Structure formats: C-alpha cells, structure tokens
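Coordinate inspection notes
These are the residues of each chain, in order.
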Amino acid sequence: MLKAIYPGSFDPVTYGHLDMIGRSAKMVDELIVGVLNNKAKSPLFSVKERVRMLEEVTKDLPNVKVLPFEGLLVDFARETGADMVIRGLRAITDFEYELQMAQTNHKLDPSVETVFLTTNLKYSYLSSTIVKEVAAFGGDISQFVPAYISECVEEKIKQKRRV
Ligand code: ADP
C-alpha cells in the first residue's frame, strides 16, 4: 500500500492545492494532507480551521485524509507510515527552497522520498498569500478558491476588522 503526505500551510486552501490533491490522490492508495502548525508564522486561520476547511473541500475524495502536524515532516511521515512526500513546483522560484527541503529531509530520514508535481498551468500563479491580499482589499476571490473557502475568508477578514 502506497501512502503519501502532501504537506503545507493551506492558509487557505486554493484551487492550486486542490488540483495537486486530486492528482496526487490518483497516484497513491492513501493521501494524507498534512496541515502544518508553524508557530513561527501568524496564519489567518488556526490549524483547526484549516483542517476543517480542507476536510470540507476534499470530502468527495475517499482516499484523502486531513491531519494537523507540527515539528519535523520526517517525524510525521514516520508516525503516519507514509512512504513519500509530495510537493508542488509552481515556478523556478520554488525550486531552490524545495530542493533544499527535500535534500534535508532525505538526510534526516533516507527512507522518505520527495516527489514533485509540476503545477497545472491554470493555477501556476496562485498562492494563499495572493488570495489573502486580494480578499483584504475587497477583491473577488471566487476564481481562486471554492465558494465555501471564499465565504470563510470573507468572514474571517470581517472578524479581524472588528477586533
Ligand atoms: P508552504 O507554506 O509549505 O509553501 P503551501 O500551502 O503554500 O505551503 O503549499 C503547499 C504545497 O502546495 C507546496 O508544495 C506548494 O508548492 C504547493 N502549491 C501551492 N500553490 C500551488 C498552486 N497554485 N499550484 C500547485 N501547487 C501549489
């Protein structure tokens, strides 16, 4: 049985991530979407909210499971019994960091392989940061994220403005 982890921040999940999830899920028996609880970053959504949002938009994919994690990715891979890590390459700018991470993870645990998927051209410009920026200025994000996520982002921005 082939098990993979697709890790990320997913703050929030975009159509680019969903494209990766759909394609990765077809390649393996089980895909774990690992939602990173990175204490050094201050995300828009809590890790709990990001997990819930991902669960909602992947509910039709039976072999996809969403789990939070913190700490080293190789430890999470060991805990979940995953054989590989899947990452997306959007552009050449992603490459340097991704190569460094993949090589570091391989040093930490040689049994964990990283596999890269090139992104769908349709979404190669898309990032969670761009979505948050557009939404913060009142722009329409409906072409970047599913309707449910768009509602969550709008609601969260309203909430933040109130405090
Ligand atoms: P991180 O903060 O770890 O970069 P992200 O949630 O931004 O996490 O991204 C998780 C993974 O999804 C990364 O491998 C990233 O390259 C990939 N990814 C992000 N945006 C897109 C996109 N538009 N198309 C395809 N892959 C993407």
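The following refers to the structure shown.

Cut-off values and rules
Residues numbered from 1 in each chain as written. Predicted model: local features only at pLDDT ≥ 70, side-chain atom pairs only at ≥ 80, totals over all residues. Heavy atoms only, no water. Buried < 20%, exposed > 50% of the residue type's maximum accessible area, 1.4 Å probe, protein only. Helix = DSSP H or I, 4+ residues; strand = E, 2+ residues; numbered from the N terminus. Arc of directions from axis to C-beta. Contact = heavy atoms within 4.5 Å. Near = heavy atom within 4 Å. Polar contact = N/O pair within 3.5 Å; in protein donor to acceptor, adjacent residues only side chain to side chain. Areas by Shrake-Rupley, 256 points an atom, 1.4 Å probe, with all protein chains shown as cover. Nonpolar A, V, L, I, M, F, W, Y, C, P; charged D, E, K, R; others polar.

1. Looking at helix H5 (residues 128-136)
Of the positions making up H5, those classed as buried are Ser128, Val131 and Ala135. One side of H5 carries all its buried residues, which in axial view fall inside an arc of 60°. Where H5 is buried, its residues meet helix H1 (15-27) and helix H6 (147-162). Of the residues one or two after H5, Gly138 is the one with positive phi, at around 80°.

2. Comments concerning the site of the ligand
Neighbouring residues of the ligand: 16 residues in total, closest Tyr6, Ser9, Gly88, Tyr123 and Leu126. Phe10 is positioned such that a nitrogen or oxygen atom in its backbone is 3.0 Å from an oxygen atom of the ligand. In isolation the ligand exposes 550 Å². Once the protein is present, 89% of that is buried. Among the secondary structure elements, those contributing two or more residues to the shell around the ligand are strand E1 (3-8), H1 and strand E4 (84-89). Looking at the shell around the ligand residue by residue, the classes come out as six nonpolar, six polar and four charged.

3. Brief notes about helix H3 (residues 73-80)
Burial in H3 covers these residues: Leu73, Val74, Phe76, Ala77 and Thr80. Taken end-on, H3 shows its buried residues confined to a sector of 160°, consistent with a single buried face. Exposed and oriented more than 90 degrees from the buried face of H3 are Arg78 and Glu79. Summarising the contacts, the buried residues of H3 are in contact with E1, strand E2 (30-36), strand E3 (64-69), E4 and helix H4 (92-108). After H3 finishes, the residue Gly81 shows a positive phi value of roughly 70°.

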